[in-house]
Amino acid sequence: MLRLSNLGFLVLTTIQFILGMLGNGFIGWVNGSSWFKSKRISLHDFIITNLAVSRIVLLWILLIDGVLLVFSPKLHDEGIIMQIIDVFWTFTNHLSIWLTTCVSVFYCLKVASFSHPMFLWLKWRVSRVVVWMLLSTLLLSCGSAISLIREFKIYSVLGGIDRTGNMTELFRRKEKEYKLIHVLGTLWDLPPLVVSLISYFLLILSLGRHVRQMHQDCGSSRDPSTEAHRRAIKVILSFLFLFLLYYLSFSVLTSSYFLPATKMIAKIGEVITMFYLAGHSYVLILGNSKLKQMFVAMLRCEPGCLKPGSKGSVYP
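Residues numbered from 1 in each chain as written. Predicted model: local features only at pLDDT ≥ 70, side-chain atom pairs only at ≥ 80, totals over all residues. Heavy atoms only, no water.

Participant: Before we move on, can you summarise the nonpolar core with the specific residues and values?
Facilitator: In this structure, Tyr-200, Leu-203 and Tyr-246 are the most contacted members of the largest nonpolar core, which totals 60 residues. Counting residues per element, the ones that place at least two in this core are helix 1 (4-38), helix 2 (43-71), helix 4 (80-111), helix 6 (126-159), helix 8 (190-218), helix 9 (224-255), helix 10 (262-286) and helix 11 (289-299). The biggest single contributor to this core is helix 4, with 13 residues. (Core = buried A, V, L, I, M, F, W, Y, C linked by side-chain atoms within 4.5 Å. Buried < 20%, exposed > 50% of the residue type's maximum accessible area, 1.4 Å probe, protein only. Helix = DSSP H or I, 4+ residues; strand = E, 2+ residues; numbered from the N terminus.)

Here's what the structure looks like:
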């Protein structure tokens, strides 16, 4: 019989998995349908579509990992399935984080307004900058996964040998090295975190300055344009909070090998991670006029309004 903690973990995981699949699936369906019909897609829609797909894969990985954690702890910790999950998780997680960073840079360069020559140079080349970031994203994600696969092969070979005497000690050392490399892999995510923080800081600074300027010019805080900018700031702050929460949760999740109460920490980390993957998809939907309009129409069961292809806002 399942313990109460395991039952609660499975319930939370299942709910967040369903919500995440619905939110990210909706983004992929809307932008994918529009792409299929018009035979072209904007850079913004291309990024968030790939982001949604990467998160769908992550949700499946976390669901499988959670089920193994509850029903087959030994297979989860020692089996080849665990190492395969690690490799897929590492690749997809890095890809998702870098795609999120591409979104933040895109919004910053498109929306923010500064007179610094360097910022203007980047702003005029926003498409080129983001495309190069996307290519670098793929290379870095592959690099992080390959570094783990190499250790995984050594670890697997040693795992198939009868471990006696010195071989047992060698296996334990390689096992610790494998887990340490897995933990140090989180350092790959520091650059995108820093870039995202800078981008959203500049975006909030620019929008806040614009709101104050409009308030001085119009003399009213209820001006529609002012309200739109304030809503945009709230959306960005919500996204920033979720992103920092996500970074903290997967750092704890990957470091759980070396922490006490490993299983409980892993469960908490997975729940928080799935909360971000599900929650941010709805932040993206509600912050984009095209997605929001179609989402509301779908909830109201208005088929006539579900026509992909209208232009969305530039806010996240």
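Right, picking up where we left off after that structure.
Participant: So what about the confidence of the model for the protein? Which residues, and what values?
Facilitator: Predicted confidence across the protein gives a mean pLDDT of 77, with 73% of residues reaching 70 or more. For the protein, per-element mean pLDDT is lowest for helix 7 (residues 166-184), which scores 59, and highest for helix 1, which scores 91. The low-confidence segment residues 160-165, where pLDDT is below 50, has 5 contacts with residues more than four positions distant or belonging to other chains. Within the model, the stretch residues 309-316 combines pLDDT values under 50 with 29 contacts to residues more than four positions away or in other chains. (pLDDT = per-residue confidence, 0-100. Contact = heavy atoms within 4.5 Å.)

Participant: Pulling in residues and values, what's your account of the packing of aromatic side chains?
Facilitator: The full count for this structure, using the stated rule, is 11 aromatic pairs. Judged by centre distance (5.4 Å) and plane angle (75 degrees), the rings of Phe-26 and Phe-295 are edge-to-face. Taken together, the residues Phe-26 in helix 1 and Phe-295 in helix 11 connect sequence positions 269 residues apart. No difference in accessibility class separates Phe-26 from Phe-295, as the two residues are buried. Between Tyr-282 and Phe-295, the ring centres sit 6.0 Å apart and the planes meet at 65 degrees, which makes this aromatic pair edge-to-face. One end of the pair, Tyr-282, is in helix 10; the other, Phe-295, is in helix 11, and 13 residues separate them in sequence. Relative accessible area serves as the criterion here: at 22%, Tyr-282 is assigned to the partly exposed category. (Phe/Tyr/Trp six-rings, centres within 6.5 Å; stacked < 30°, edge-to-face > 60°.)

Participant: Tell me what's going on with a nonpolar patch on the surface, and back it up with residues and numbers.
Facilitator: Judged by side-chain polarity, Leu-4, Leu-7, Val-11, Ile-15 and Leu-19 come together as a nonpolar surface patch covering roughly 460 Å² of accessible area. Look at Leu-19 and you get partly exposed, because its relative accessible area is 39%. (Patch = residues over 30% accessible without salt bridge, like charges linked within 9 Å, V, L, I, M, F, W, Y side chains within 5 Å. Areas by Shrake-Rupley, 256 points an atom, 1.4 Å probe, with all protein chains shown as cover. Salt bridge = Lys/Arg side-chain N within 4 Å of Asp/Glu carboxyl O.)

Participant: Which residues make up the pattern of salt bridges, and what values do they have?
Facilitator: For the structure on display, the rule yields 1 salt bridge. A salt bridge links Asp-45 to Lys-290; its shortest N-O distance comes to 2.9 Å. Taken together, the residues Asp-45 in helix 2 and Lys-290 in helix 11 connect sequence positions 245 residues apart. By relative accessible area, which is 12% here, Asp-45 ends up buried.

Participant: Give a detailed account of the packing of helix 1 against helix 11, specifying residues and quantitative values.
Facilitator: Look at helix 1 against helix 11: their axes get within 11 Å of each other, and the N-to-C directions meet at 110 degrees. One element, helix 1, and the other, helix 11, form an angle in the roughly perpendicular class. Seen along the crossing, helix 1 lies across helix 11 with a hand that is right-handed. Facing helix 1, whose interface residues are Phe-26, Ile-27, Trp-29, Val-30 and Asn-31, helix 11 presents Lys-290, Leu-291, Met-294, Phe-295 and Met-298. Looking at side-chain class alone, the contact of helix 1 with helix 11 contains 8 nonpolar, 1 polar and 1 charged residues. (Axes fitted to C-alpha atoms, helices over the stretch in contact; angles between N-to-C directions. Parallel < 35°, antiparallel > 145°, perpendicular 65-115°, else oblique. Left-handed = near helix turned anticlockwise from the far one by under 90°. Nonpolar A, V, L, I, M, F, W, Y, C, P; charged D, E, K, R; others polar.)

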